[in-house]
Amino acid sequence: MVVGHSRFPHSRGVVSATACAVYLILCEVFVVRASDWHQVRGAQMILAMKLISVAFDADQGTVKLPSLLEYTAYLYNVGTVIFGPWISFRDYLNICSSPGLSRGWLWTVIKSTGLAYCCLVTSACFSQWLIPTYYGKWWIAYRDAQSFRMSHYFVCFFSQATLAASGLGWSKTADGHVKWDASVSRPYYIELPRSLVEVVTYWNVPMHHWLKTYVFKTARPLGNFAAVLLTYAASSLLHVGGIYLFRV
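A brief structural summary. (Residues numbered from 1 in each chain as written. Predicted model: local features only at pLDDT ≥ 70, side-chain atom pairs only at ≥ 80, totals over all residues. Heavy atoms only, no water.)

A word on the overall build of the protein chain
Across its full length, the protein chain holds 11 helices and 2 strands. Scaling as 2.2 N^0.38, a compact globule of 248 residues should have a C-alpha radius of gyration of about 18 Å, and the protein chain matches this with 19 Å. Considered along the principal axes of its C-alpha atoms, the protein chain spans approximately 65 × 45 × 35 Å. For the protein chain, the proportion of its 248 residues judged to be buried stands at 39%. Partitioning the contacts of the protein chain with sequence separation of at least 6, the portion at a separation of at least 24 is 60%. Taken as a whole, the protein chain presents about 14800 Å² of accessible surface, with 67% of it coming from carbon and sulfur. (Helix = DSSP H or I, 4+ residues; strand = E, 2+ residues; numbered from the N terminus. Rg over C-alpha atoms; globule rule 2.2 N^0.38 Å. Buried < 20%, exposed > 50% of the residue type's maximum accessible area, 1.4 Å probe, protein only. Contact = heavy atoms within 4.5 Å. Areas by Shrake-Rupley, 256 points an atom, 1.4 Å probe, with all protein chains shown as cover.)

And the structure:
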């Protein structure tokens, strides 16, 4: 982004996105061992999303280009650097005016942590117990998919807990009350969806917002097909470094 700011002041988002894509591909394929890269891929994905979002927001004038200290603090914020979720730089600045400790804050942290560990236990233990291997291939396929979804919910709920614990993920209602309402995933709309759109939207709410804002809308002038294709490519690259279909 520094190079883009000095050499391409109006295309910092595109330059940053290209640099991040090249970096992720090189690490995935050539530089880092697969076993080591798998352990840090999620954190690298969050860092890339933050870098790209700041660059595009600076291009659009919605945020002022942060200083090195502000930028480093945003990238390595303790509440989001490991499990996520992605938050915009504008939302991150709310940490300076965080309402502090309260019963609502404590309940959010405890509830999210409790839900996270319920999902973890279900994924690691209960799924295998409820549907043994002799039930048939379709039941086994459902069990494996359910276990995968529960492990995803664990990460999402735990990231909600760390986000709230760091003083982020809150908003004010019209009457001025503080509401800790950050949502990373909404399992109800995934387990009982009315359409596939709900699954895509609520599987990872911050990721959906990021892809829609910084990839789809940016590529929309190229046409809807190109925008959808680039959005899918960006999602695949951030998650696994390639074009893969996941079983959900």
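That was the structure; now back to the text.
Topic: the pattern of salt bridges
On inspection of all chains with the given rule, the structure shows 6 salt bridges. R143 is the partner of D144 in a salt bridge, and the nearest nitrogen-oxygen pair spans 3.4 Å. Owing to a relative accessible area of 26%, D144 belongs among the partly exposed residues under this scheme. Judged by its relative accessible area of 7%, R143 is buried. Residue E191 is joined to R149 by a salt bridge in which the shortest nitrogen-to-oxygen separation is 2.8 Å. In this pair, E191 sits in helix α8 (residues 187-191) while R149 sits in helix α7 (residues 137-165), placing the two residues 42 residues apart along the sequence. (Salt bridge = Lys/Arg side-chain N within 4 Å of Asp/Glu carboxyl O.)

So, helix α10 (residues 205-219)
Since there are 3.6 residues in each turn of an α-helix, residues three or four apart along the chain are aligned in direction. An ideal rise of 1.5 Å per residue puts 21 Å on 15 residues; α10 measures up with 20 Å between its terminal C-alpha atoms. The largest bend along α10 reaches roughly 35 degrees and is located at K212. Those residues of α10 that sit buried are P206, M207, W210, L211, Y214, V215 and A219. Capping of α10 at its N-terminal end is provided by N204; its side-chain oxygen lies 3.2 Å from the backbone amide nitrogen of M207. (Expected span 1.5 Å × (residues − 1). Bend = angle between axes of the 7 residues up to and from the residue. Polar contact = N/O pair within 3.5 Å; in protein donor to acceptor, adjacent residues only side chain to side chain.)

Description of the nonpolar core
Ranked by internal contacts, the top residues of the largest apolar core, which has 30 residues, are M49, Y74, W210 and L238. Put simply, the parts of the chain that give this core at least two residues each are α2 (12-31), α3 (34-60), α4 (68-75), α5 (89-92), α10 and α11 (224-240). Excluding residues within four positions of it along the chain, W210 makes contact with M49, I52, S53, W86, V215 and L238. The next biggest cluster of nonpolar side chains, apart from the first, holds 11 residues, and it includes C119, Y153, F154 and F158. (Core = buried A, V, L, I, M, F, W, Y, C linked by side-chain atoms within 4.5 Å.)

Details of α7
Counted at 1.5 Å a residue, the expected span for α7 with its 29 residues is 42 Å, and the 42 Å between its end C-alpha atoms agrees. Once α7 ends, the next one or two residues include G167, with phi positive near 95 degrees.

Let's talk about the packing of aromatic side chains
Each aromatic ring pair is summarised here by two numbers: the centre-to-centre distance and the angle between the ring planes. Taken as a whole and assessed by the stated rule, the structure comprises 15 aromatic pairs. Over the aromatic face of Y74 sits the side chain of K50, whose NZ or CZ is 5.3 Å from the ring centroid. (Phe/Tyr/Trp six-rings, centres within 6.5 Å; stacked < 30°, edge-to-face > 60°. Lys NZ or Arg CZ within 6 Å of the ring centre and 35° of its normal.)

Side note on the environment of H239
With respect to the helices, strands and loops of the structure, H239 is situated in helix α11. With a relative accessible area of 31%, H239 lands in the partly exposed category. Put simply, H239 and R41 are 198 residues apart on the chain and 7.7 Å apart in space, counted from C-alpha to C-alpha.

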